[in-house]
Amino acid sequence: MIVKKIEGYVFVLPAVLFMIILIGYPLVYNVVLSFQDVDLSNLAGDRNAVGLDNYRELMNRDAFGLSVWNTLVYTVGSVFFQMVIGFLLALYFSMKFRFAGYLRGIMMISWLIPLTVTALLFRFMMGSSEGIFNQMLMSVGIIDSAIPWLSSPEVALWSIIIANIWVGIPFNMLLLSTGLSSLPEDVFESASLDGANGFQKLVHITLPMLKPVILIVMMLGFIYTFKVFDLVFVMTGGGPLNSTEVLSTLAYRLSFNEFNFSLGAAAANVLFLILLVVSLVYLWIMQKDEGGDKI
Amino acid sequence: MFKKTMGVGSLILLLGACSGESIDEMGNTEGETDVEGGNSGEVTLWYYFTGNQEDLFVELIEEYNDSQDEVEVVGEYIPFPDIAQQLSVGIAGGNLPDLVFLDNVDNASFAAMDVLEDMTPLVEDWEELEHFYEGPLQSAMHDGKHYGLPFASNALGLYYNEELLNEAGVEPPETWDELREYAEMLTNDHIQGFAMSAVRSEEGAFQFYPFLKSTGADYDRLNTEEGIRSLEFLKSLMDDGSMSSDVLNATQDDLARQFAQENLAMMINGPWNIDRLTSENPDLEFGITQIPRDEEHASVLGGENLAIIRDSNVEDSWEFFQWLFEPERYEQYTADTGVFPARQDILEGSDFWSEDPYLSGFVPIMEDAHPRGPSPEWPQISEVLQLALQEVLTDSSTPEEAMENAENQIDDISGE
């Protein structure tokens, strides 16, 4: 018995070591850093513990509250529309028409393009005078004057959300498609025999049976979206004003523009804490769903 | 999930490990063994030049290494946006170069953070020092001491599309009033009269600085009639429709692209974009002149300084410094790469710059080019300036409110 137990630990040891060195250490280092006063001058020298000062200073910065809010709006807005559109497309491609498989494959392209490239493309397309978005919308008469996609503080965040929705749809569609194809056919057949129409089948059969998949896609989407950096950094750099500043770009700016590494670490930790809570909820859902043997 | 949620700060460490390795492979540890020994070895140098500038600089290094057998200079390319990050990584990991090129605006803050060697004792007895321009030299100083020397300089000027100005029958504008008037005349459905970069980054502060300085204001005198006037003027260009709100998200490279496509009649930009314009649109006819003035012509100084890392191989580094700045060699390099030398004797003694059709436009500009700051707090100050400019251009604040707010913040920053 005992030998068997030790054997088991030996087998997980490499994975545990890997986790501790590459994931655990940076996390702990970042937490320690956020309780110190580190800038370039004492990065390698004497560091002073300052307790919660960094977190207090962070709270006092106008940009902080705004960046938390922006991150939430960005995440909820992106995930909601990605899910809805992804779900509709998944339903559409589940109709098994000719070429459906190929077309679904082609849809994946937007997810495969490196995010920096996507960000640059959208930045060009969303230019207010020369961008193709405004030119198209104006030529068909949907809008009269150019929309300042990325240069107005009121619009810029939504412009980035639009870009991100485009990026995220295929991922949602693919997971939901897989979920849809795993639903048993016979339930639908018997509903049809009972005279249920398509909409009734969707609301009363498809959605309830798909609920676990939807929840997991939502959680993954939230985690993936909440830590956005590249899209925002390339499209607006957090501007105009602080209208598109999110937690990750704030942390970057504090660390590498102001060289206030401790303050940057504090901002990164706030991001981490929020995601930790969401991840725990995700693990809880997984556990409930699969009978508790999955962690 | 934990893997996905690592904070940005923790990246410092991972990067530190990587870059440490690469430097070790080159056989350079911290260089402390060299301090007493004098001529004993190796000088590592970080540069961020690309293209022609890089090729010629690498040749220079090779030439130096061949010219003597005591010191070996090893150049290492670091992309420009990463210099500050790599330096911080180097400090954390204990692996730093001996020499580093810096954006001149960062020189003072790195000096204040004890990263750079005080070169005052070295340059004081150096007869070449008196030939340097005052502005560039100032940019490498902190608390009255020298923490580097200016290597290459640039400044911002007004680029104008000659064809469009001729069609409208106007000369390049000299004053703010003319700029406003002509910009409005030149604007139509397809062409913007004027653009600057008001983006939320150092570029935005860089571009705003000439307008601020031209009124007589400065970053420590923002809430004044002059400071407010500079914002009012830029706002008026936008209200007239002569400047698009796109400038809030436009980098200087974006401006150059629009200018090359002839969608833009006038813009503020620097000499590094000349090549881009002539290669992207060989038919483009353009000229460069001083940025129109309010009280006086003013521009802003950009460029790179060369500095020695504190407690590194100072002696050998200084030898290379002196060799690099020898007039003939330095003139050759700056002329071949089309940058402006930081030495007055060279810029004035050579006809390369004054005879080049485009660079000649920058010769008078260089004389009025002010370094930003110099202040060790420049990164924070710059942010205040960027925000003030954007607040006004997005109609979030009046120029008065923006400048009052900005001045309060700058008082806080310098008060700390």
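Coordinates for the structure precede this section.
Right, let's walk through the structure included here. (Residues numbered from 1 in each chain as written. Chains lettered and ligands numbered in written order. Predicted model: local features only at pLDDT ≥ 70, side-chain atom pairs only at ≥ 80, totals over all residues. Heavy atoms only, no water.)

## A closer look at the interface of chain A and chain B
Phase 1: Facing the 46 residues of chain A at the interface are 41 residues of chain B.
Phase 2: Where chain A abuts chain B, roughly 4,000 Å² becomes buried across the two surfaces, and 66% of that area is made up of carbon and sulfur atoms.
Phase 3: Contact with chain B buries area across many residues of chain A, yet Leu 40, Leu 241 and Phe 256 of chain A alone supply 16% of it, more than any other trio.
Phase 4: In this structure, the connection of chain A to chain B is made through three salt bridges. (Contact = heavy atoms within 4.5 Å. Buried area = accessible area lost by both parts, 1.4 Å probe. Salt bridge = Lys/Arg side-chain N within 4 Å of Asp/Glu carboxyl O.)

## A word on unusual backbone geometry
Phase 1: Residues Gly 239 of chain A and Pro 240 of chain A are joined by a peptide bond in cis, for which omega reads -10°.
Phase 2: The residue Pro 240 of chain A is located in the loop between α11 (230-235) and α12 (247-256) in this model.
Phase 3: Going from Gly 373 of chain B to Pro 374 of chain B, the amide bond is cis rather than trans, its omega being -10°.
Phase 4: Secondary-structure assignment places Pro 374 of chain B in the loop between β13 (369-370) and α19 (378-393).
Phase 5: A positive phi is found at Asp 311 of chain B, a non-glycine position, where the angle reads about 55°.
Phase 6: Assignment of secondary structure puts Asp 311 of chain B in the loop between β11 (299-308) and α14 (314-324).
Phase 7: Of note in the backbone geometry, Asp 395 of chain B takes a positive phi value of approximately 65° without being a glycine. (Helix = DSSP H or I, 4+ residues; strand = E, 2+ residues; numbered from the N terminus.)

## Describing the sheet that holds strand β9 (residues 264-269) of chain B
Residues and elements named next belong to chain B.
Phase 1: Taken in spatial order, the four strands make up an open sheet running β8-β9-β7-β10, and their pairing is mixed. Sheet topology places β8 (192-195) and β10 (286-289) at the edges, where each strand pairs with a single neighbour. Shown here is a sheet whose adjacent strand axes are inclined to one another by a mean of 15°, direction ignored.
Phase 2: Where strand β7 (residues 157-161) and β9 come together, four bridges link them in antiparallel fashion. (Pairing = 2+ DSSP bridges. Axes fitted to C-alpha atoms, helices over the stretch in contact; angles between N-to-C directions.)

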